[in-house]
There are 2 protein chains.
Amino acid sequence: MSTADNILVVDDDSEIRTLLQEYLTRHGYRVTAVADGPAMQQAMEDARFDLVVMDLMLPGEDGISLCRKLRAHSNLPVIMLTARGEQGDRIAGLETGADDYLPKPFNPRELLARIKSVLRRARSLPQNLELEDVRLFRFGGWRLATATRQLQTAEGVAVPLSGAEYRLLSIFLRYPGTVLSRDRLTELLRGREHKLPFDRSLDVQVSRLRQRLRDDGRGSGVIRAVRGQGYVFALPVEVER
Amino acid sequence: MSTADNILVVDDDSEIRTLLQEYLTRHGYRVTAVADGPAMQQAMEDARFDLVVMDLMLPGEDGISLCRKLRAHSNLPVIMLTARGEQGDRIAGLETGADDYLPKPFNPRELLARIKSVLRRARSLPQNLELEDVRLFRFGGWRLATATRQLQTAEGVAVPLSGAEYRLLSIFLRYPGTVLSRDRLTELLRGREHKLPFDRSLDVQVSRLRQRLRDDGRGSGVIRAVRGQGYVFALPVEVER
DNA sequence: GGCCTTTGTATCAAAGTGTAACAAGCCGCA
DNA sequence: TGCGGCTTGTTACACTTTGATACAAAGGCC
């Protein structure tokens, strides 16, 4: 490990910002603390972070919305701070799309433990690789050659893929084991945002890709739907450069 | 467990000190009760404590400040007693650094529950998400493969599990022989706390899981209800990594 | 046995997911 | 230019999952 991990804290309460700034710095992290969404955007333009700790309740745009936006174009891990057991907001836990959450008030030690756990998990996943670097992907007997864009079964039979199918598969192959939201997948696939609130076209693409992979969508196949979250590629992937 | 947990109560109201001293002692804790900051410092030099219960409002130096000082050099769990009337989020800032808080006036039983919960959390830090290390669980002839999320009977027949069923089962498999309260199960299952006072949806999930496991809920089956406590997974579990 | 609390589960409604079918666009080619 | 084949976005509908509710069954206590 070269340098300390860089953590971005987003909370409108200055007490908490100060507490976390001190505590996390004392434990060997680099910390930037800001109060709201816009300041967060700014901070993220200025520096690269390894993890975000965010309050669910923020003035202006709330944490869920910020988290969703973040997730639409990055893998940055997020830990959400939530109000404890209040009846008002029903959405309290992992439904926020965060990697982990912690109800307020909390002992900073506990936050530290979760930060470590989330970072460890993030690092255990394959690092972002550029598609250009990879010549061949292997997964569960299948092979995908990038040069020819050809998919082969375990028996060596070539399976034709359309352009979108190939792109979608290669996206999944770059993030095996990571839950990708529909927003994220759509952006990676088409380079633009979802338009309609109930756009199902991504699901249809997934369904088509599944047919190519002989994955019936039920049972625990290759591409698994995670209810309310998105899709995961469920097989281990080997890459050949 | 060697000796009883040692709890330090800091409150200027002598009635509360007496009440807590009695109540917590009766429930098996060692209790020291003091009235203010200086007495607290003194007590902490004389003995080692496992948890502090502190009034937010104290004569002289208040609870926030004491808690902050404490945090500067220790992780000792703190439960803060606060005046009622503030909304959860507004108040959350005040207990910055505390592990939990309880609005006054409070039911001693509620405090007891929080003490137990805070102590449990403080002691079992690395328990949150470490399921991924296990490849296979075996219990009473059944097998659960984590990679494919597939459950198999002793005869090798695959039994489909929904997402929630799989998660609930894997929670039980992580704590075989341990009674898990409904609150705890709900939190582990859904990543948030119980909201409704008489929420039976967890029981329904257990019931559905039992159906998958061909456990009729009567007799001494796989998942046993413990009246007034919660549920236990009643079979021995073998883990394969 | 009454009476109350706790647990088990059928049933319902809402939300989420899978995919067939359609339609619009694109491409190459005669 | 017009035609057929392919690709891809959209819509529609069936099906699954899940949380909630209601009520029956079981357990305790007097």
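Our structure's up above, just so we're on the same page.
Predicted, not measured: the structure shown is a model, and the values here were computed from it. (Residues numbered from 1 in each chain as written. Chains lettered and ligands numbered in written order. Predicted model: local features only at pLDDT ≥ 70, side-chain atom pairs only at ≥ 80, totals over all residues. Heavy atoms only, no water.)

Turning next to the sheet that holds strand β3 (residues 51-55) of chain B. All names here are of chain B. Ordered by their spatial adjacency, 5 strands build an open sheet running β2-β1-β3-β4-β5, and the pairing between neighbours is parallel. The open sheet has two free edges, formed respectively by β2 (30-34) and β5 (100-104), since each of these has just one partner strand. For this sheet, the mean inter-axis angle between neighbouring strands, taken without regard to orientation, is 20°. Note that β3 and strand β4 (residues 78-83) share 4 bridges and pair parallel. If you follow V52 over to β4, its bridge partner there is V78. (Pairing = 2+ DSSP bridges. Helix = DSSP H or I, 4+ residues; strand = E, 2+ residues; numbered from the N terminus. Axes fitted to C-alpha atoms, helices over the stretch in contact; angles between N-to-C directions.)

For the rest of this paragraph, the subject is the protein's contact with DNA strand D. Not every one of the 22 residues close to DNA strand D is listed here, only the nearest: S162, Q205 and R208 of chain A together with S162 and R208 of chain B. Protein-adjacent atoms of DNA strand D, using a 4 Å cutoff, are sugar or phosphate at a proportion of 56%. Between DNA strand D and S162 of chain A there is a distance of 2.4 Å, counted from a phosphate oxygen to a side-chain nitrogen or oxygen. The contact in question runs from a phosphate oxygen of DNA strand D to an N or O atom on the side chain of Q205 of chain A, over 2.8 Å. Along the lines of polarity and charge, the residues of the surface near DNA strand D split into 4 nonpolar, 8 polar and 10 charged. (Near = heavy atom within 4 Å. Polar contact = N/O pair within 3.5 Å; in protein donor to acceptor, adjacent residues only side chain to side chain. Nonpolar A, V, L, I, M, F, W, Y, C, P; charged D, E, K, R; others polar.)

A separate point is the packing of helix α7 (residues 182-190) of chain B against helix α8 (residues 201-212) of chain B. Residue and element names in this part refer to chain B. Their axes nearest at 10 Å, the elements α7 and α8 cross at an angle of 75°. In terms of orientation, α7 lies roughly perpendicular with respect to α8. Judged by residue contacts, R182, L185, T186, L189 and R190 of α7 engage S201, L202, D203 and Q205 from α8. Of the residues belonging to the contact of α7 with α8, the class tally is 3 nonpolar, 3 polar and 3 charged. (Parallel < 35°, antiparallel > 145°, perpendicular 65-115°, else oblique. Contact = heavy atoms within 4.5 Å.)

Another aspect to go through is the protein's contact with DNA strand C. In the vicinity of DNA strand C there are 31 residues, among which R200 and Y231 of chain A together with R200, G228 and Y231 of chain B approach most closely. Each atom of DNA strand C within 4 Å of the protein was classed as base or backbone; sugar and phosphate made up 52%. In the environment of DNA strand C, a base nitrogen lies 2.7 Å from a nitrogen or oxygen atom belonging to the side chain of R200 of chain A. One of the side-chain nitrogen or oxygen atoms of S207 of chain A is found 3.3 Å away from a phosphate oxygen of DNA strand C. Sorting the residues of the surface near DNA strand C by element identifies α7 (201-212) and β10 (223-226) of chain A together with α8 and β10 (223-226) of chain B as the ones contributing at least two each.

Right, let's talk about the pairing of strand β1 (residues 6-10) of chain A for a bit. Residue and element names in this part refer to chain A. Of all 5 residues making up β1, 5 are buried, and the element is well covered by its neighbours. Judged by which residues are buried, β1 turns out to be covered on both faces: N6, L8 and V10 on one side and I7 and V9 on the other are all buried. Relative to strand β2 (residues 30-34), β1 runs parallel, the two being bridged by 5 bridges. Paired with N6 across the strands is R30, a residue of β2. Handedness of the crossover joining β1 and β2 through helix α1 (residues 14-26): right-handed. (Buried < 20%, exposed > 50% of the residue type's maximum accessible area, 1.4 Å probe, protein only. Right-handed = clockwise from strand over helix to strand, strands pointing away.)

Turning our attention to the packing of aromatic side chains. Residue and element names in this part refer to chain A. Under the criterion given, the structure shown has 4 aromatic pairs over all chains. When the ring of F139 is compared with that of F233, the centres are 5.4 Å apart and the planes differ by 75°; the resulting orientation is edge-to-face. In this pair, F139 sits in strand β6 (residues 136-139) while F233 sits in strand β11 (residues 230-233), placing the two residues 94 residues apart along the sequence. Assigned by exposure class, F139 and F233 land together as buried. Feature note: the residues F139, F172 and F233 constitute an aromatic cluster, connected by ring pairs. In this structure, R184 packs its charged tip against the face of Y175, placed 5.3 Å from the ring centre. (Phe/Tyr/Trp six-rings, centres within 6.5 Å; stacked < 30°, edge-to-face > 60°. Lys NZ or Arg CZ within 6 Å of the ring centre and 35° of its normal.)

For R224 of chain A, the location among the structural elements is in strand β10. The exposure class of R224 of chain A is buried, given its relative accessible area of 17%. Apart from residues lying up to four places away in sequence, R224 of chain A is in contact with R210, G230, Y231, V232 and A234 of chain A together with A147, T148 and R149 of chain B.

Moving on: the sheet that holds β1 of chain A. All names here are of chain A. Spatially, 5 strands are ordered β2-β1-β3-β4-β5 in an open sheet, and the strand pairing comes out parallel. The open sheet is flanked by β2 and β5 (100-104), the only strands paired with a single partner. Ignoring which end each strand starts from, the neighbouring axes of this sheet average 20° apart. With 5 bridges joining them, strand β4 (residues 78-83) and β5 adopt parallel strand pairing. Looking at β5, one finds that A83 is bridged to K104. Packing of helix α3 (residues 63-73) onto the sheet brings it into contact with β3 (51-55) and β4, and relative to β4 it is tilted by some 170°.

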